[in-house]
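Remarks on the overall topology
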Amino acid sequence: MYPTRLPLSEKLIIALRLAPKGQHVIRDTELPGFFLLIGKRRKTFMAQGDLRANGRRKSVRIKIGEVGQIKTREARAKAKAILGSIGKGVDPRPTAESSGEAKQNGPKLANSTGPTLRSAWGRYRDSHLQRKGRSDGTIENYRDHVERLMADWLDQPLSVLGNDPSLVASRHEKITAENGPYIANGCMRSLRAIYNHARKTARSLPAENPVIAVDWNAEKRRNTALGLTDLLPWVEELRALDNPIRREFHLFLLLSGGRPDALKRARIEHVNFRTRILHLPKPKGGEERAFDIPLSRAMVRGLVRVIRLGRVLNPTHARKWLFPAESESGHLAEHKEDRTSLSKWGNDLRQTYRTIAQATGIADLDIHLLMNHSVPGVNAGYITRSKLLSDHLRQQQEMISRKMVEALRGRSIEGKKQPAAWPLIPARTVLADILRKLDVAADVCAESVNALAA
C-alpha cells in the first residue's frame, strides 16, 4: 500500500515500485500541488492547481517530466513556477483554454523545436569551455567539428537529430570515409557533449542522446616512439632542417616530452634560468592544469641557443616568444614536417620521451608528474608537485636527458666519427655557424646583383 504523502526525494522515488495496476498518486509534503504519479511502466512528476478566471474555477494538471529524465529538485522548481502562474490566473499549458487576456499576459512558451546546433554550441563554448578555462586548442577542435564538419546542421534544431539518430550515424560514416576514422569519432564526441549540455536547460529534447546510434571506429594508440639506437639518425635528419628555430623546437620536444601546442605558445617570461624552470600557464586542460617543467642542463643549453637565435633571425617577435616565427601570432604556428625530411615529430617525440624514461628506470608516478598526466589513485593525489620540482623531479629529468645524450655521444654512422652530440653544442657555436651562413648568402646575393648590373 502506497502512502498518500511523502517528502519526495531522489532516493525515495527510486525505491518506490511501479504500480501493479492502475495509477497511484503520492503528494509532496514540501510543496502542495506537486506530486508523483506512479503507473505500470513509469513514474511521472506532475503539478496541479486551481485556476480562477472570469469568476470560474477549474483544476489544471500539467506533466513536468518523467523520473530518470529530470531530477527531483529541478521538477520541484518547475512545479513551483507552474503553480505560481496558475495562482495568478494564467494557464501555462500550451493548449490553454483560458481567456484571451490570460493568453496575452501569460508566460511565453519555449519553442517546441528546442535550441539549434548553433545556439547550443555557442552556449556550450561560452558557459562551459571558456568558463572552465579550456585551452584554445581544445576550443578550436570543437569549433572545427561543429562549424566545418556539421556546418549544414548549424541552424537545425537538435530535436531533429534527437528524434532521428540515423542522421547522426550516417554523418559519422560520411566523415569516416572523407576525413578518417579518428576525426569522425572526435566529431561525434563533440556533438554528444553539446547535446548533453543543451538538454540541461531544454528538457523538451529527447532524453536519449542521438550519438548512441554511432558505430564507433576502432582507435589504436600510435606506437611511433624512437628507441635509444634510433636517436642519432633522427638527430642527423634534424640537423638538415633549414630553420634553426624549428630544429631547436623539435629537440626541446624530445628532451621535455611536452605537448607541441603548449610549447609553441611559451613566452620568454615563462623561463626562469635561476630556478631552471619553464612555466606553462595554459597547457592541455586549460589554466587549471598549469604546471612547471624542470630543466636539465641539455634543455637549458637548448633554450639559450633558441633565445639567441631568435634575437638574430626574428628580433621583433623574439622579445616575447620563446620560439618566434613570421606568423600572424608571432610564434611558431605549425610544427608538422615532411616525413621524408624529418621522420618523427610532435606526439612521436612525446612517446619517445615516455619510452626512454621507462628504459632509464624512472618511476611511473614521476613520469606522470613530469609529463603533466593525472596521477592515479587517491594516495598519489596527496602529493604536492611543486615541492618535488627543485630537487627530485629535476634529478629525474637530468637522468632522462643524460640517457638521450649518451646515446648520441661517441657513435658513428657508416664508419664516420660524429662531432659532439648536438644537445651538448654551446649556443655561441651554433650562432656563429648561422651567422657564417647568413654572410655567405649575403655575398652570393651581392655577386648576383653585380653580375646583373654588368
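Higher on the page you've got the structure.
I will try to describe carefully the structure that is included in this document. (Residues numbered from 1 in each chain as written. Predicted model: local features only at pLDDT ≥ 70, side-chain atom pairs only at ≥ 80, totals over all residues. Heavy atoms only, no water.)

**A closer look at the packing of aromatic side chains**
The geometry of an aromatic ring pair is captured by two quantities: the separation of the ring centres and the angle between the planes. Worth spelling out the cut-off: Centres within 6.5 Å are what make two rings of Phe, Tyr or Trp a pair, Trp counting through its six-membered ring; a difference in plane orientation under 30 degrees is then read as stacked, over 60 as edge-to-face, and the rest as tilted. Only DSSP runs of H or I reaching four residues or more are called helices, and only runs of E reaching two or more are called strands; each is numbered from the N terminus. Residue exposure (1.4 Å probe, protein chains only): buried if accessible area is under 20% of the type maximum, exposed if over 50%, otherwise partly exposed.
Per the counting criterion, the structure on display carries five aromatic pairs. The interplanar angle of 20° and the centroid separation of 5.8 Å between the aromatic rings of Phe34 and Phe45 together place this pair among those described as stacked. Within this pair, whereas Phe34 is found in strand 3 (residues 34-38), its partner Phe45 is found in strand 4 (residues 43-53), the two being separated by eleven residues in sequence. Take Phe34: its relative accessible area is 0%, and that puts it in the buried class. We classify Phe45 as buried; its relative accessible area is 0%. Judged by centre distance (6.4 Å) and plane angle (55°), the rings of Phe252 and Phe323 are tilted. With Phe252 in helix 10 (residues 244-256) and Phe323 in the loop between helix 13 (315-318) and helix 14 (347-360), this pair connects stretches of sequence that are 71 residues apart. Grouping residues by exposure puts Phe252 and Phe323 together as buried. Members of the aromatic cluster, each reached through a chain of ring pairs, are Trp121, Tyr124 and Tyr142.

**Some remarks on the sheet that holds strand 4**
So the rule is basically this: In short, DSSP must find at least two bridges between two strands for them to pair. Two residues qualify as a contact provided that any one of their heavy atoms is within 4.5 Å of a heavy atom in the partner residue. Inter-axis angles, ranging from 0 to 180 degrees, are taken between N-to-C directions of lines fitted to C-alpha atoms, where helices are fitted over the stretch in contact.
With respect to topology, five strands assemble into an open sheet ordered 1-2-3-4-5, the strand pairing being mixed. What marks the edges here is a single partner per strand, and that holds for strand 1 (5-6) and strand 5 (56-66). Pairing between strand 4 and strand 5: ten bridges, direction antiparallel. From the neighbouring strand, Phe45 faces strand 5, where its bridge partner is Gly65. Across the face of the sheet, helix 2 (residues 72-87) comes into contact with strand 2 (24-28), strand 3, strand 4 and strand 5 while running at roughly 15° to strand 4.

**Section: the packing of helix 7 (residues 166-179) against helix 8 (residues 181-199)**
Each pair of packed helices can be summarised by the angle the axes make with each other and by the distance between the axes. The cut-off we apply is this: Here a crossing is called left-handed whenever its near helix is offset anticlockwise from the far helix by less than a right angle, and right-handed whenever the offset is clockwise. Amino acids are sorted into nonpolar (Ala, Val, Leu, Ile, Met, Phe, Trp, Tyr, Cys and Pro), charged (Asp, Glu, Lys and Arg) and polar (every other residue, Gly among them).
Put simply, helix 7 and helix 8 touch, their axes get as near as 7 Å, and they point 145° apart. Read as a crossing pair, helix 7 and helix 8 show a hand that is right-handed. Here helix 7 contributes Val168, Arg171, His172, Ile175, Thr176 and Asn179 to the contact with helix 8, which in turn contributes Pro181, Ile183, Ala184, Asn185, Cys187, Met188 and Leu191. Each residue belonging to the contact of helix 7 with helix 8 can be placed in one class, and the counts come to eight nonpolar, four polar and one charged.

So yeah, pure geometry; function would need other evidence.
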